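Now for the letters of each chain:
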Amino acid sequence: MAKNLYETLTGAPKPRKRWTPLRIVRCFLLVYLLYFAVGALLPFTLHPGVSAAVQGRFDPAAFRGSDSTDRAALVLDNQDALGLRLQMIAGAEESIILTSFDIRDCESARDIFAALLAASERGVAVRILWDGMSGMLHGRAPVFRALGERDNVEIRFYNEPNFLLPWTFNGRMHDKYLIVDGSLMVLGGRNTFDLFLGDYVPDSQKSHDNDVLVCNTAPTLEHSVIGQVEGYFEKVWDQPDTRPALERTPALRAAAVAAAAGELRARPAYALTPAGLDYEAMTVPVEKATLLTNPTGIFAKEPTLWWQLQQLMEGARDRVYLQTPYAVPSAAMYDGLARVAEKGIPFEMQLNSVAVGDNLVASSDYLTNRSRLLDTGVTVWEWFGDYSSHGKAALIDDLAVVGSYNFDMRSTYLDTEMMLVFYGDAFYDLLEANLMEMEAQCLQVSEEGYLPRAGVEPKTYGPPKSILYPVTQWLSQPFGFLILGSCGEVSRKRWAGGRPAGRPPALFLLPII
């Protein structure tokens, strides 16, 4: 009988492998990792199209009219954004709805939870809808349990990740809004922590953002966009993937939770009294307001919100102006941008420069694909302001759009998203003034570099960005579709290097704020 190589070389029979406990564990881990990878990837590898039903319901004329009972204002300053939320909560009489992608145990969140605790103690019904990833990572802090255990407070996590169900690690809830008594709402891109709210961190750690304050002037919600948002909230709140959380405090944590409740009651926000704000005087009239959203399921979504914005942009006659923190488009989105540019109307996009932006992965992708974005024909403005911009907005002819949607594939195909579309000159003028003020601190991008502009100089970046960009580019090339597409720094000499090859279908295991 022919000997195997081991016997030939050693002159002894090949020993049989024994199933030791360590070997069993290693095999189990290998099988689990394979299962996790397939489960996390497979449900998201194909981008769905937009159904005929959605296309058939779309009517661009429906975004214009004069039947709104709403008034609106932009809230741009971080301290104003926190102060407004606290005043709204302090004045609540019946109900509060807080929905957030990311809540963290920090000073601004403690202010808000202190105000919510006070509201609950005076009988206001409080409901908090929280993305499950953030809830898993940050939601078990005692200050959150101190509120969640109250009878008239209910907290639910949307799609909390489960390591036995790896597909639950994608499909996040990216919505961010506060509704009080069905008559006041603030909605936008701000998460609930110090980067976006208050003045608790240095300016270098803050982020510019857009909120919209909406005030309904009628006794009913029939002609208010707040009613549309409340209906959407109930849909997400009641779906099977949204589950109650923080209802009971474990016995071992009871003392810590009791101490946290005491700390919340000691904060000035707990004792805050309404300042009697005249919300109508703070806002301007709106002729029409419409809510756009993505589907709410946890799997790959029809790109409903992006498709409707795309239709509005393709139907524009005079102007399209986009503001986004970062641009990570799919092939279909690049093609859509090109179709808008082909119309020959002014078409511009404002986004962070990689020196100012705070998202390394998104900036890496933009550096790699900047030429491809320019090839669509859109005029690109890079923000070189004092700190990162997190705003998501658009001007489309006479429509003003603000909300949570980033111009990237995660917001388009994976996450729940919301945008408010406003018709009316007064609010349009507010948003345009803000975008033009920010554009004054931008430089226009060309294939050769930046076009010079008086008073604005391009900023450079050092460590850690200068170290991480090349590393993320090298690491991400085989697996770029797992995060945000290929990452890494390219020099200005490569800006004119032509269109990069198409990337695999997008799955992002690292959600963007």
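Preceding this paragraph is the structure being described.
The rules behind these values
- Residues numbered from 1 in each chain as written.
- Predicted model: local features only at pLDDT ≥ 70, side-chain atom pairs only at ≥ 80, totals over all residues.
- Heavy atoms only, no water.
- Helix = DSSP H or I, 4+ residues; strand = E, 2+ residues; numbered from the N terminus.
- Expected span 1.5 Å × (residues − 1).
- Buried < 20%, exposed > 50% of the residue type's maximum accessible area, 1.4 Å probe, protein only.
- Contact = heavy atoms within 4.5 Å.
- Pairing = 2+ DSSP bridges.
- Axes fitted to C-alpha atoms, helices over the stretch in contact; angles between N-to-C directions.
- Salt bridge = Lys/Arg side-chain N within 4 Å of Asp/Glu carboxyl O.
- Arc of directions from axis to C-beta.
- Polar contact = N/O pair within 3.5 Å; in protein donor to acceptor, adjacent residues only side chain to side chain.

## Digging into helix 5 (residues 107-121)
Owing to its 3.6 residues per turn, the α-helix brings residues three or four apart onto one side. The end-to-end C-alpha separation of helix 5 is 21 Å, in line with the 21 Å expected for 15 residues at 1.5 Å each. Burial within helix 5 is extensive, with 12 of its 15 residues counted as buried. Along helix 5, the positions that sit buried rather than exposed are Ser 108, Ala 109, Asp 111, Ile 112, Phe 113, Ala 114, Ala 115, Leu 116, Leu 117, Ala 118, Ala 119 and Ser 120. Here the buried face of helix 5 lies against helix 4 (78-90), strand 2 (95-100), strand 3 (125-131), helix 7 (142-148), strand 4 (153-158) and helix 9 (254-265). The first or second residue beyond helix 5 is Gly 123, which carries a positive phi of 100 degrees.

## Details of the sheet that holds strand 22 (residues 449-450)
Taking strand neighbours across the sheet as the criterion, the nine strands line up as 11-20-18-17-12-14-15-21-22 in an open arrangement whose pairing is mixed. On the outer flanks of this sheet lie strand 11 (288-293) and strand 22, each paired with one strand and no other. Both strand 15 (residues 379-383) and strand 21 (residues 442-446) contribute to a ladder of three bridges, which runs antiparallel. Across the sheet, the residue bridging to Trp 381 is Gln 444, located in strand 21. Sheet strands in contact with helix 15 (residues 425-439) are strand 12 (320-323), strand 14 (347-352), strand 15, strand 17 (393-396), strand 18 (399-403), strand 20 (418-423) and strand 21, and its direction is about 70 degrees off that of strand 18.

## Thoughts on the pattern of salt bridges
Scanning the entire structure with this criterion turns up 21 salt bridges. Among the salt bridges present, the one from Arg 265 reaches Glu 121, with a minimum N-O distance of 2.6 Å. With a gap of 144 residues between them, Arg 265 in helix 9 and Glu 121 in helix 5 connect regions that are remote in the sequence. Arg 265 sits in the partly exposed class, given a relative accessible area of 37%. Between Glu 432 and Arg 319 there is a salt bridge, with its nearest N and O atoms 2.6 Å apart. On the criterion of sequence distance, the pair formed by Glu 432 in helix 15 and Arg 319 in the loop between helix 11 (304-314) and strand 12 is long-range, its members being 113 residues apart. Accessibility expressed as a relative area gives 25% for Glu 432, which makes it partly exposed. Look at the salt bridges and you will find they share partners, linking Arg 85, Arg 190 and Asp 211 into a network.

## Let's talk about helix 8 (residues 225-238)
Taking 1.5 Å of rise per residue, 14 residues should cover 20 Å, and helix 8 covers 20 Å from first to last C-alpha, within 8% of that figure. Those residues of helix 8 that fall on the buried side of the exposure criterion are Val 225, Ile 226, Val 229, Tyr 232, Phe 233, Val 236 and Trp 237. Seen end-on, helix 8 carries its buried residues on one side only, within an arc spanning 135 degrees. For helix 8, the N-terminal capping position is held by Ser 224, with its side-chain oxygen 3.1 Å away from the main-chain nitrogen of Ile 226.

## What about the environment of Ala 260?
With respect to the element layout, Ala 260 can be found in helix 9. Overall, the relative accessible area of 3% leaves Ala 260 in the buried class. Distance in space between the C-alpha atoms of Ala 260 and Arg 145 is 8.6 Å, their sequence separation being 115 residues.

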